[in-house]
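# Secondary and tertiary structure notes
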Amino acid sequence: FFAAQPVKQADKGIRDRLRDSGHLVFNGTEVHNYPHCWRSDTPLIYRAVPSWFIKVEDARERLIANTQETHWVPPFVKERRFHNWLAEARDWCVSRSRYWGTPIPLWVSSDF
């Protein structure tokens, strides 16, 4: 219905469609802070995109145990900085946008 239409220009059409179908709960203006690009000062529009995660939380204890087998220089990194990071590690989104993250070198075999 609104494909290829700039997101903010679609607002009125979306509201009309929701109202006409009886699904509009509220129609008004809410004043709030909104994130803007620091370079262009344009609004940042969030959109849902597919993401890949590594289940770090499920492997946390094993990761911490394996750090004990590693020789760390300087030694405090093993017991403090890296250990503290692993102890609180959350599932890791490895498919972040190229703009914000690091590209993933990914090769998939033909029988995948």
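Residues numbered from 1 in each chain as written. Predicted model: local features only at pLDDT ≥ 70, side-chain atom pairs only at ≥ 80, totals over all residues. Heavy atoms only, no water.

## Observations regarding the overall build of the protein
- From N to C terminus, the protein includes three helices and two strands.
- Computed over its C-alpha atoms, the radius of gyration of the protein comes to 23 Å, more than 25% above the 13 Å expected for a compact globule of 112 residues.
- Seen through its principal axes, the protein has C-alpha atoms that stretch 65 × 45 × 30 Å.
- Within the protein, contacts between residues at least 6 apart in sequence are counted, and of these 46% link residues at least 24 apart.
- Here the protein has roughly 10500 Å² of accessible surface; of this, 57% comes from carbon and sulfur atoms.
- Computing the positive centroid from 16 side-chain charges and the negative centroid from 13, the protein places the two 5 Å apart. (Helix = DSSP H or I, 4+ residues; strand = E, 2+ residues; numbered from the N terminus. Rg over C-alpha atoms; globule rule 2.2 N^0.38 Å. Contact = heavy atoms within 4.5 Å. Areas by Shrake-Rupley, 256 points an atom, 1.4 Å probe, with all protein chains shown as cover. Lys, Arg positive; Asp, Glu negative; His and termini not counted. Charge placed at Lys NZ, Arg CZ, Asp CG, Glu CD.)

## Details of the pattern of salt bridges
- Counted under the stated rule, the structure contains six salt bridges.
- When the shortest N-O distance is used, the salt bridge between Arg-19 and Asp-20 registers 3.8 Å.
- For Arg-19, a relative accessible area of 44% translates into the label partly exposed.
- Arg-90 is the partner of Glu-88 in a salt bridge, and the nearest nitrogen-oxygen pair spans 3.9 Å. With respect to burial, Glu-88 and Arg-90 carry one shared label: exposed.
- One network of salt bridges, in which partners are shared, links Lys-12, Asp-16, Arg-19 and Asp-20. (Salt bridge = Lys/Arg side-chain N within 4 Å of Asp/Glu carboxyl O. Buried < 20%, exposed > 50% of the residue type's maximum accessible area, 1.4 Å probe, protein only.)

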